[in-house]
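Spelled out from the first residue to the last, the chains are:
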Number of protein chains: 4
Amino acid sequence: MKILITAFEPFGGEKVNPALEAMKLLPDKIGEAQILKLELPTVFKKSIEKVWQHIDEYEPDIVISLGQAGGRACISIERVAINIDDTTMADNEGNMPVDQPIFKDGENAYFSNLPIKNMVEDIKKAGIPANISNTAGTYVCNHVMYGVLYKIHKEKLDIKAGFIHVPFIPEQVVNKPERASMSLENIVKAVEIACRVLVPK
Amino acid sequence: MKILITAFEPFGGEKVNPALEAMKLLPDKIGEAQILKLELPTVFKKSIEKVWQHIDEYEPDIVISLGQAGGRACISIERVAINIDDTTMADNEGNMPVDQPIFKDGENAYFSNLPIKNMVEDIKKAGIPANISNTAGTYVCNHVMYGVLYKIHKEKLDIKAGFIHVPFIPEQVVNKPERASMSLENIVKAVEIACRVLVPK
Amino acid sequence: MKILITAFEPFGGEKVNPALEAMKLLPDKIGEAQILKLELPTVFKKSIEKVWQHIDEYEPDIVISLGQAGGRACISIERVAINIDDTTMADNEGNMPVDQPIFKDGENAYFSNLPIKNMVEDIKKAGIPANISNTAGTYVCNHVMYGVLYKIHKEKLDIKAGFIHVPFIPEQVVNKPERASMSLENIVKAVEIACRVLVPK
Amino acid sequence: MKILITAFEPFGGEKVNPALEAMKLLPDKIGEAQILKLELPTVFKKSIEKVWQHIDEYEPDIVISLGQAGGRACISIERVAINIDDTTMADNEGNMPVDQPIFKDGENAYFSNLPIKNMVEDIKKAGIPANISNTAGTYVCNHVMYGVLYKIHKEKLDIKAGFIHVPFIPEQVVNKPERASMSLENIVKAVEIACRVLVPK
C-alpha cells in the first residue's frame, strides 16, 4: 500500500508552512503502508500538474494533501473541494485568479472519498482536537484537493484522496497572542493517525 | 535559591488543570534554584491560607502561581492583582463571593514584582506565544495572586511573586474545535523559562 | 419582477430567528420588484417542499433564502450549496440526518447564480460588513439553498437563487459577551441592498 | 445634576472613534441631569489635564469617560484603572510610555465608584450585550480613567466616575469580516441607559 502525502511550500509571508514541516517528520512507513512525500509549489496550476505527475509515477492507493489554515484551532479534515479559484492574495508566482473554474469540464464539487469521520474520531481519541471542515477555501489548497479528485473521477482511478488543514504552529504566532496554534508534534501525530485509519491492521 | 510554584486542582467541570499538570512535570532544580511545588484547593480563602503556610515554612525567594485561563491562546504573565472576589461560578467548595474585597486593609491592587517583560521575551524567543495580561480575573486565580502579594507587602518580605495563566491543553478541547489550546510540553517549557529568568547565571 | 424571500422559524433553542425578523421588516416593493415573503419550517425535506410549492405558485424571478449563522460577525453571501445533510443538532421535528445526500440524482454542489460579489460590494458601501462565504454548513440552511438550486437546474427554470446568512441580533447575545451580533436594522438594510442589486434601475 | 461625558478623538489609524460619535448623539438632558460633553485628545497627560480643567470648571456630579475597545463584541463597563502607562502604539502626539506610573503618589489602582453592575443589568434588559471588564488596558483609556479617579481621591471630591468601552461600529469593520461591531444607535442607547441609572427618578 502506498500513501502519497503532499504539502505546500510556505506562502502568504510566512517563513514556514506547518503542513510541510509535519510532512517532513512523518515516518516512511505507517503499518504496512509506504509513505511517499511530495512538496508542492503554492502556485495555481503548477501544483496540480506536479501532483498529477507523481500520481502517475508512484501509483499511490491514497493521496492526502496537507495545508495550513492559519487561525483555525484544530485539525480539520476537508469534506469537499469546489470548482473555483478565487483569491485576493497572490500565489507564490503572482497569480491571482478571480472566480475562475479550475476545470471547465469538472463537476461543481467533489467530495473527499476518505473516511473523514473515522479520521476525526481517531484523532480526537488521541487527545488532539479535530473536526470536519466544509470548506477548503478557494485558494491553492482547495485547488489541489479539487485537482486530485478531478483526475481520480475522470480517469476512474481506484484512489482515495482528500485534504487535511492544520493550524499554525506556535512559532508562527509568537507575536499574535490571540491566534490559535498547535504543536508540530500533535500535527504530525494527527496526520499519522489519519493515515493509520486507512491501513489494514 | 528557592522557587515555590503553586497550581490549582481542576475546577469548572474540567477533569484536569493544565497548570497543575505542568507543575508536576517541572524539574526539581532549575539552574541553582530548588523548585518547590504546592497544589492549592480551588477555594477562596483556603487557597491563600495554604500558600501562606508554605511561604512561612519554605521561605522561598520567589513564588510563581499557575492557573488555567481557558480560551486564551498564549501563555499570559499577569501584571496586577486586584482587591476583589467576584464570581458567578462557584469555587470547589461552593463559595460564590460577589464584589467582596479580599482583604479590607489591602491596597486596591498589587503589581507583580517579577520581571514580567523579560519573561515574555524569553518565552517568545523559545517559539512559544506569550504576552502580558492586565487582568487575572476576579476568581480564585486573582485571589491567590493578590493574597501572596498582600502578605509580601504587609510583612515586607523579600520575595518576588506573580502569576502565570496557561491555556487549555489539547485534551480539554477535543470537542470544542474553535477553542485555542497549547501542548503541555510547551506550557512546561514556558514556565521553566520564566523561572530561569530569575535564576542567577 | 418578483423576488421570493424565505426565512426559517427559530431553531437550536433560540427564541427568535434574526433572518425571520429581518424578512418581516422588508418592504413589499423594492424598486420595481415585488417582494414575496415565505416562512419555512426548520425541518429537513419539509422546508424544501414548501419553498418548491411557492416557487411553482408565485413564479418568482429570484429566490433569496435567509438564515441565521450564529457566531459570524458579518452578512455572508453564500457561494455554494453541497449535496449533503449532516448534523448532530436535531431539526425542529427531531430529524438528525448523518451524511445523507439531499438528492441522489443531484450534482455534488450548485453554485449560487446571484451576483454575489456585487451584493457584497454594495452592502459594504453602505457601511455594513459583508463577505462571501464558501460554506452554508450541512444543516437546514444548506439544505434549502441546495433544494432550490437543484429544482432550478433540473427544471431549467430562469430563476436566480442563493442564500444569505445573517449574524445573531444583539438581543440573542446579551448573556454571551464574546459573541458578535448585528443590529436588525442593518440586517434588513443589507438584505434590501442585496435585492436592489438585482432590480433594474 | 451634571454628568460630564468624555470621549477621545480617533486613534490607531481609525478615521472615526465610535465613542466620540456616540457622545455627539447623546441628548443634552437625561431625566433631570444635564449632559456636558468633552472631547479629549488621545494623548497621555494632555487628556488628563483637559478633563481635570473641565471638572474644576463644570463641577459635575458624575464623570463617565468613553473609549473604543476594538475587537470587543459588547459594551464593557470598566471596574478598575491601574497606575501604569504601557504601550507599543504611539498616542496621537507620538508618546509611547513604557511601564511608567501615571502618578507616583497614586494608589496602584482605583475602582470605579459607579454602580457598574446595575448599569450592565439595565443595558442588557434593553437587549444590548454588556458586561463588566476587569481591565481598561494600559493605553490612554486607562490613563484617563485613572487620572479622574486619582483627582477625586486626592481632592476628596464627591464625584462618581468610571469608564465605558464600546465596540467598533460596523463602518470600521467592513473589510474585517471576523471583527465584531455594534451599531452606533445601540452604543448611544447603552450610554444613555448607563447615565439613567445614576439619575434620580
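Residues numbered from 1 in each chain as written. Chains lettered and ligands numbered in written order. Predicted model: local features only at pLDDT ≥ 70, side-chain atom pairs only at ≥ 80, totals over all residues. Heavy atoms only, no water.

Undergrad: Looking at this structure, I do not really get the overall build of chain A. What am I missing?
TA: Looking only at helices and strands, one finds five helices and nine strands in chain A. In chain A, the order of α-helices and β-strands from amino to carboxyl end is β-α-β-β-α-β-β-β-β-α-β-α-β-α. The C-alpha atoms of chain A give a radius of gyration of 16 Å, which matches the 17 Å a tight globule of 201 residues would have. Dimensions of chain A along its principal axes, counting C-alpha atoms only, are 45 × 40 × 25 Å. Across the 201 residues that make up chain A, the buried fraction comes to 61%. Of the contacts formed within chain A by residues at least 6 apart in sequence, a portion of 77% connects residues at least 24 apart. (Helix = DSSP H or I, 4+ residues; strand = E, 2+ residues; numbered from the N terminus. Rg over C-alpha atoms; globule rule 2.2 N^0.38 Å. Buried < 20%, exposed > 50% of the residue type's maximum accessible area, 1.4 Å probe, protein only. Contact = heavy atoms within 4.5 Å.)

Undergrad: In this structure, what is going on with the interface of chain C and chain A? I would like to understand it.
TA: The accessible area lost on association of the parts is a frequent measure of interface size. Residue-level contacts link 18 residues of chain C with 18 residues of chain A. Both faces considered, chain C and chain A share a buried interface measuring about 1400 Å² in area, 52% of it formed by carbon and sulfur atoms. Taken as a group, Arg79, Asn108 and Phe111 of chain C account for 36% of the area that chain C buries against chain A, more than any other trio of residues on that side. In this structure, Asp86 of chain C and Lys117 of chain A form a salt bridge, with 3.0 Å as the shortest nitrogen-oxygen distance. Joining chain C to chain A, the criterion identifies 12 residue pairs in polar contact (both at pLDDT 80 or more). Elements represented by at least two residues in the side of chain C that touches chain A include exactly strand E6 (80-82) and strand E7 (109-111) of chain C. Take the side of chain C that touches chain A: its biggest share by element is three residues, from E7 of chain C. Here the side of chain C that touches chain A is built from residues that sort into seven nonpolar, six polar and five charged. (Buried area = accessible area lost by both parts, 1.4 Å probe. Salt bridge = Lys/Arg side-chain N within 4 Å of Asp/Glu carboxyl O. Polar contact = N/O pair within 3.5 Å; in protein donor to acceptor, adjacent residues only side chain to side chain. Nonpolar A, V, L, I, M, F, W, Y, C, P; charged D, E, K, R; others polar.)

Undergrad: Honestly, the interface of chain B and chain D in this entry has me stumped. Any pointers?
TA: At the junction of the two partners, chain B supplies 18 residues and chain D supplies 18 residues. Contact between chain B and chain D buries roughly 1400 Å² in total, counting both sides, with carbon and sulfur atoms accounting for 52%. Contact with chain D buries surface across chain B, with Arg79, Asn108 and Phe111 of chain B losing the most and accounting together for 36% of the total. Taken together, the connections running from chain B to chain D amount to eight salt bridges. Secondary structure elements with two or more residues in the side of chain B that touches chain D: strand E6 (80-82) and strand E7 (109-111) of chain B. Looking at the side of chain B that touches chain D, the element that brings in the most residues is E7 of chain B, giving three residues. Here the residues of the side of chain B that touches chain D are counted per class, giving seven nonpolar, six polar and five charged.

The values are spatial; any link to function lies outside them.
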